[in-house]
Amino acid sequence: MPRHRSLWLVALTKTTAAYTCAAPGGTVAELVHALTEGTYDKAVRPSRAVLAAAAPDAAAYARAMRGANVSDELIYLAASLSSISELDETAETFDATGVFSYRWRDARLAFKNISAGGCFDAVDLSPDQFARLWHPDLHWANQIATGRAQPETRYAPAATLASDGTVTATTATTGTFTCELDHGRLPFDTQACALTAGRRLGRAGERFVVDGASLVLEPTVESLYWRFARTSARLEHGFAQLEFVVKRRRYYFFTNVFAPVTAFVVIAGSSFVVDRYASSARVGLCALSLLIMISQIQYRVKIPDVPRPIWLNAYLGGSIYFIMACLLEYSLVSFHVARERSAAARGAAYLAKLLADLRRHHEPRAPRSRSVANVALATPRHARDDGGDGDALSPS
């Protein structure tokens, strides 16, 4: 008899049998042993195994085991986060602590519940028992580090098996995940981070199922710098993304950045209304504002060092450049004031010379005194001969 025919007969016999526990002495170990012994193959996914078990003959069984027309396994994802660390805005990572679970249905693992005469409605599986079952090879695509969240969960059940064959695997861990941040509108930015789940290469036939309740943030999730706005879940290119959206708290920036920076800018700008000859006042207003901003603001603001434009960087840089422009403006004013003073000095010297020339030209001249000889020379001859005003000469 061909090997595939013998496997088909064994599988058919297996599906017609049902485990019945010896109540009240049945144990979980006996149940798991009965369900996984024989033809149960954890390397074969449930949908293919069910299709193969329903094959009417050995040829159909072989086609079912080799064929590609098998429905995908539905993997339901969920996460309940109890803690999310502050975002590392330089490394673009965050730490998340919580319970991560995923479930699926394997009809081969169905058993009679208590109402049908069995011993259990659901059982908790140990890690060793869980390892004997087929389970999806799930991994978090954006996880870069992992670790236990709580030491006491180390011995917690790895999974739960329900009577209808539904398996729910649960893990409580802490993981470090990457999150691509957009700092362009900092500090008015809104960031979306996600836990991205995917299957490993070569594991086809698994399809994730998520909904709005797939990601839950417990009340213990808090942040000093961020406000958690909403959660969502979606499928994208075969990956399941459990996303949470955070908005930056802006009160700190208004009180510690915008208010003092704006005040310094106004103080530096007030130097334009100070008398241009008051050099110490104008330089002091600008220089003190510039020094305080450079020395204090850099300690109050932590801006990610990323090669992308950031609104807050542009605001602080523009404020510093404005204050520097105030100093440069006063340098230009001082230059023009010096030229004005030089021109005024030259004009004053020229005006003083002009006034002196005008005074000399218009001041009255004093009359010149005449001597006796000059008067005699100026007296006419006939006046001297006739005994006029001149002195008569006696004959010798």
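Described below are features of the structure shown in this document. Keep in mind the model is a prediction, meaning the values are calculated, not measured. Positions within a chain are numbered from 1, following the residues in the order the chain's sequence is written. Residues qualify for local features only when their pLDDT is at least 70, as the model is predicted, and side-chain atom pairs are given and counted only at 80 or more; totals for whole chains, interfaces and linings, by contrast, use all residues. Water and hydrogen atoms play no part in the side-chain values, which are based on all heavy atoms of the structure.

### Description of the overall build of the chain
What counts here: Under the DSSP-based scheme used, a helix requires at least four consecutive residues in state H or I and a strand at least two consecutive residues in state E, with every element numbered from the N terminus. Throughout, exposure labels follow a simple rule: accessible area from a 1.4 Å probe, protein chains only, divided by the maximum for the residue type, with under 20% read as buried, over 50% as exposed, and the rest as partly exposed. Note on contacts: a residue pair qualifies if any of its non-hydrogen atoms lie within 4.5 Å across the two residues. Areas reported as accessible are Shrake-Rupley estimates using a 1.4 Å probe. Residue values count occlusion only from the protein chains shown.
When its secondary structure is counted, the chain shows ten helices and twelve strands. Taking all 396 residues of the chain together, 35% fall into the buried category. Put simply, of all contacts in the chain between residues at least 6 apart along the chain, 74% involve residues at least 24 apart. Per element, the accessible surface of the chain, about 24,300 Å² overall, is 58% carbon and sulfur.

### What about the pattern of salt bridges?
Two side chains of opposite charge can pair, provided their charged atoms sit close to one another. We apply this condition: Salt bridge, as applied in this entry: a Lys or Arg side-chain nitrogen positioned within 4 Å of an Asp or Glu carboxyl oxygen.
Per the counting criterion, the structure on display carries ten salt bridges. Note that E73 is salt-bridged to R45, the shortest N-O span being 3.3 Å. Of the two residues, E73 is situated in strand β1 (residues 73-84) and R45 in the loop between α2 (28-36) and α3 (46-53); the sequence distance between them amounts to 28 residues. Each of the two residues, E73 as well as R45, counts as buried.

### A short note on the side chain of D106
Heads up, the rule is: Polar contact criterion, stated in full: a pair of N or O atoms within 3.5 Å, where within protein one must be able to donate a hydrogen and the other to accept it, and residues adjacent in sequence count only if both atoms are side-chain atoms.
Relative to the assigned elements, D106 resides in the loop between β2 (93-105) and β3 (122-125). A polar side-chain atom of D106 sits 3.0 Å from a polar atom in the side chain of Y40. Dropping the residues within four chain positions of it, D106 is found in contact with Y40, P46, W134 and G165.

### Focus: a positive patch on the surface
Note the threshold: By definition, no residue in a patch forms a salt bridge, and every one has over 30% relative accessible area; like charges are joined within 9 Å, nonpolar side chains (Val, Leu, Ile, Met, Phe, Trp, Tyr) within 5 Å. The sign given to each residue is positive for Lys and Arg and negative for Asp and Glu; His and the chain ends receive no count. The atoms used to mark charge sites are NZ of Lys, CZ of Arg, CG of Asp and CD of Glu.
On the surface, a cluster of positive charge is made up of R185, R227, R230, K247, R249 and R250. Topologically, R230 is positioned in strand β11 (residues 226-236). On the accessibility criterion, R230 (52% relative accessible area) is exposed.

### Description of the nonpolar core
Put simply, the rule reads: Among buried residues, those of type Ala, Val, Leu, Ile, Met, Phe, Trp, Tyr and Cys that are joined through side-chain atoms within 4.5 Å constitute a nonpolar core.
Counting 46 residues, the largest nonpolar core has L77, F94 and L195 as the members making the most contacts within it. Listed in part, the 18 residues of the second largest apolar core include V257, V261, F264 and M293.

### As for a nonpolar patch on the surface
A contiguous nonpolar patch, built from Y350, L351, L354, L355 and L358 and spanning about 490 Å² of accessible area, is present on the exposed surface. By the element assignment, L354 lies in helix α8 (residues 311-362).

### Re helix α6 (residues 251-269)
Given 3.6 residues per turn, any residue in an α-helix points the same way as the ones three and four places further on. We count it as follows: Between the first and last residue of a helix there are one fewer steps than residues, each counted as 1.5 Å, and that sum is the expected span. The angle between axes fitted to the seven-residue stretch ending at a residue and the seven-residue stretch beginning at it gives the bend at that residue.
For α6, spanning 19 residues, the distance from its first C-alpha to its last is 26 Å, which sits close to the expected 27 Å at 1.5 Å a residue. At F258, α6 shows its maximal kink, close to 30°; a proline, P260, follows between one and four residues later. For α6, the complete set of buried residues consists of F253, V257, F258, P260, V261, F264, A268 and G269.

What is shown is where atoms sit, not what they do.
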